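Residue-level structure breakdown
As a plain string of letters, each chain reads:
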Amino acid sequence: MFSWGTNSRAHPGWPARVGPLDVATGGVVLRPIKLRDAADWSRLRIRNQELLLPWEPTGEANWVVRHQRGSWPGLYSVLKAEAKRGVLLPFVIEVDGAYVGQLTIGNLQRGAVRSAWIGYWVDKEWTGQGIATAAVALGVDHAFGPVGLHRLEATVQPTNAASRTVLTKVGFRHEGLLKRYMDVDGRWRDHDLFAMTTEEVVSSASETLVRAGRAHFR
Ligand code: ACO
């Protein structure tokens, strides 16, 4: 289905379509980014400037300029190349086929560490419906299953209550405070480090959500 030319033995778990996991609004799926995502990516990123700016790394150009449709092919190529090298899994979050956000698993390290970070955003018209939680659970299960990782980390600012709630619901644990960790919205910001290892997942992260009544298997 996906023709990224990836050596699946060298980079297990990519490319892949993950889900669905149903929430009240519909079926949440993770699928690889596509070149033809340009229009959706640009429209959603521009209309979510206010939601995203306080939490994302500082960018060089103005937000709207950076998120023009024409910027996507270059960004897509960079992400695709990183995915081919096996260090990044760039997913779109879909609900019943609609592009509603993105989830990325990055800095994949193999060998004795087998760790990566996870990050995500959801369009403001779709927030508050359990979509990010379901998407992160799918990402965790994919990372700990087909990708073969042992640990996932997430860094989040102390004031990002919604994202901290998402991580806690999925089973991430707070490990500590990273002082002046990342340049976000023009300043070095402290971030809390959350993490999870395979030992902490009872059956699967998706199953934990289903048992808690937060999602349903189809
Ligand atoms: N204070 C406390 N809790 C809050 C607040 C708040 N201000 N706002 C939302 N919440 C809660 C919601 O009630 C919900 O919890 P509940 O299900 O127990 O009621 C939870 O936070 C949100 O859960 P979801 O509905 O699964 O998440 P959603 O789909 O709304 O997406 C997200 C959350 C991704 C944080 C979205 O708001 C967003 O894209 N924000 C901007 C970008 C961002 O912050 N991304 C995360 C950066 S950190 C990282 O990637 C590790």
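One structure accompanies this document, and this report is about it. (Residues numbered from 1 in each chain as written. Predicted model: local features only at pLDDT ≥ 70, side-chain atom pairs only at ≥ 80, totals over all residues. Heavy atoms only, no water.)

1. Section: the side chain of R151
Spelled out, the test is: Only runs of H or I of at least four residues qualify as helices and only runs of E of at least two qualify as strands under DSSP, and these elements are numbered from the N terminus. The cut-offs for exposure are 20% and 50% of the maximum accessible area for each residue type, with area from a 1.4 Å probe on protein chains only; residues under the lower value are buried, those over the upper are exposed, and the others partly exposed. Think of a polar contact as two N or O atoms within 3.5 Å of one another; within protein, one of them needs to be a possible hydrogen donor and the other a possible acceptor, and neighboring residues in sequence only count if both atoms come from side chains. In what follows, a contact means two residues having at least one pair of non-hydrogen atoms within 4.5 Å.
Tracing the chain through its elements places R151 in strand β6 (residues 151–156). On the accessibility criterion, R151 (19% relative accessible area) is buried. Side chain to side chain, R151 and E175 meet in a polar contact 2.8 Å long. Contact partners of R151, with chain neighbours within four places excluded, come to R114, S115, A116, F144, E175, L193, A195, M196 and T197.

2. As for the pattern of salt bridges
How we decide: Any Lys or Arg side-chain nitrogen located within 4 Å of an Asp or Glu carboxyl oxygen qualifies as a salt bridge.
Following the criterion strictly, the structure yields 15 salt bridges and no others. In this structure, D37 engages R31 in a salt bridge whose closest nitrogen and oxygen atoms are separated by 2.7 Å. This pair shows no difference in class: D37 is buried, exactly as R31 is.

3. Thoughts on the site of the ligand
The test is simple: Throughout, the term near means that a residue has one or more heavy atoms lying within 4 Å of the molecule or strand in question. Methods summary: accessible areas were calculated by the Shrake-Rupley approach with a probe of 1.4 Å, and residue burial reflects only the protein chains presented. Polarity classes work like this: nonpolar for Ala, Val, Leu, Ile, Met, Phe, Trp, Tyr, Cys and Pro, charged for Asp, Glu, Lys and Arg, and polar for all others, with Gly in that last group.
Around the ligand, a shell composed of 25 residues is seen, among which Y120, G128, T133, N160 and K169 lie nearest. Contacts to the ligand include Q129, whose backbone N or O atom sits 3.3 Å from an oxygen atom. For the ligand, whose free accessible area comes to 1,000 Å², the fraction covered by protein is 72%. Mapped onto the shell around the ligand, the elements with two or more residues apiece are α2 (49–52), β5 (115–122), α5 (131–144), β6 and α6 (161–170). The class makeup of the residues in the shell around the ligand is 13 nonpolar, 10 polar and 2 charged.

4. Focus: the packing of aromatic side chains
As a reminder of what qualifies: When the centres of two rings from Phe, Tyr and Trp lie within 6.5 Å, Trp using its six-membered ring, the rings pair. Their planes under 30 degrees apart give stacked, over 60 give edge-to-face, and anything left gives tilted.
A complete count under the given rule lists 4 aromatic pairs for this structure. On the numbers, 5.1 Å between centres and 70° between planes, the contact of W14 with F91 is edge-to-face. Taken as a pair, W14 in the segment before β1 (18–23) and F91 in strand β3 (residues 88–95) lie far apart in primary sequence, 77 residues in all. The same class applies to W14 as to F91, namely buried. Judged by centre distance (5.1 Å) and plane angle (40°), the rings of W41 and W72 are tilted. Residue W41 is found in helix α1 (residues 38–47), and its partner W72 is found in helix α4 (residues 72–84); the two are separated by 31 residues along the sequence.

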